[in-house]
Amino acid sequence: MTRRARLLLPGTPLHLIQRGNNRSVCFADGDDCQAYLTLLDEVSRACGVAIHAYVLMTNHVHLLATPAQDPQAISAMMKRLGQVYVQRFNRRYRRTGTLFEGRFRSCLVAEARYLLACHAYIELNPLRAGMVAHPAEYRWSSYAANAQGSPDPIITPHAVIRELGATPIERHAGYRELFREYLEEGLVDEIRQVTHSGLVLGTPRFQQQVAELLGRRTVRGTPGRKPRPPRADVE
């Protein structure tokens, strides 16, 4: 069965999740987490991908990232990350074979409301898992950088984040406001479902715009006609 091509656009953020194969452990301790983040910093820069948010959980990783020009840069980044990190992991734990699932899950997201929701969704993962009482208590996420201004070379704030305030102090305070209340359960479910399906997170208008641009379905299918193929002048 042919795998469906990803929905990708240059300059458009992608929320992605990559799980351990069969949900197995892929970050056993802090050394593993630090090694992955160091590699993420190097590879994302080499591939021209801006990282806006991340969290490393025991058996999976979430990223919110934007390819600057080549939309395939994220796939190249994840491939390189997988190759190098898995080699290190296997050597360290004297194991062989795959570590991550063969394909990461992802969805396009660009509109401000949904982009901010993805930030919170990603950095609230440890809290939802019962690992901490507050996202600031979890070391292996981007919360400290985005909400508290802690130095993190991996993070490039998206324009939507920069618009939260005129100064860094105001932006960080505005960002922390996102975490004063839990995300609506319906929105959490929507982010999960759309990411798993590889579609588009956003309003119907944004979904339609992407569908017209790429000539692809951007929401879960319903019986009826298939979408028209892309125009010759659109890649």
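Quick note: structure is the one above.
What counts, and at which threshold
Residues numbered from 1 in each chain as written. Predicted model: local features only at pLDDT ≥ 70, side-chain atom pairs only at ≥ 80, totals over all residues. Heavy atoms only, no water. Phe/Tyr/Trp six-rings, centres within 6.5 Å; stacked < 30°, edge-to-face > 60°. Helix = DSSP H or I, 4+ residues; strand = E, 2+ residues; numbered from the N terminus. Buried < 20%, exposed > 50% of the residue type's maximum accessible area, 1.4 Å probe, protein only.

**Digging into the packing of aromatic side chains**
- The final tally for this structure, using the stated rule, is 8 aromatic pairs.
- Their ring planes at 50° and their centres at 4.6 Å tell us that Phe-89 and Tyr-93 sit as a pair that is tilted. One end of the pair is Phe-89 and the other is Tyr-93, both in helix α2 (residues 73-93) and 4 residues apart, which spans about a single turn.
- With relative accessibility at 5%, the residue Phe-89 sits in the buried group.
- On the basis of relative accessibility, which here comes to 31%, the residue Tyr-93 falls in the partly exposed class.
- Residues Tyr-175 and Phe-179 carry aromatic rings whose centres are separated by 5.5 Å and whose planes lie at 40° to one another, so their mutual orientation is tilted.
- Classification of Tyr-175 by relative accessible area gives buried; the value is 0%.
- Here the aromatic cluster, defined as three or more aromatic residues joined through ring pairs, consists of Phe-27, Tyr-36, Tyr-85, Phe-89, Tyr-93 and Phe-100.

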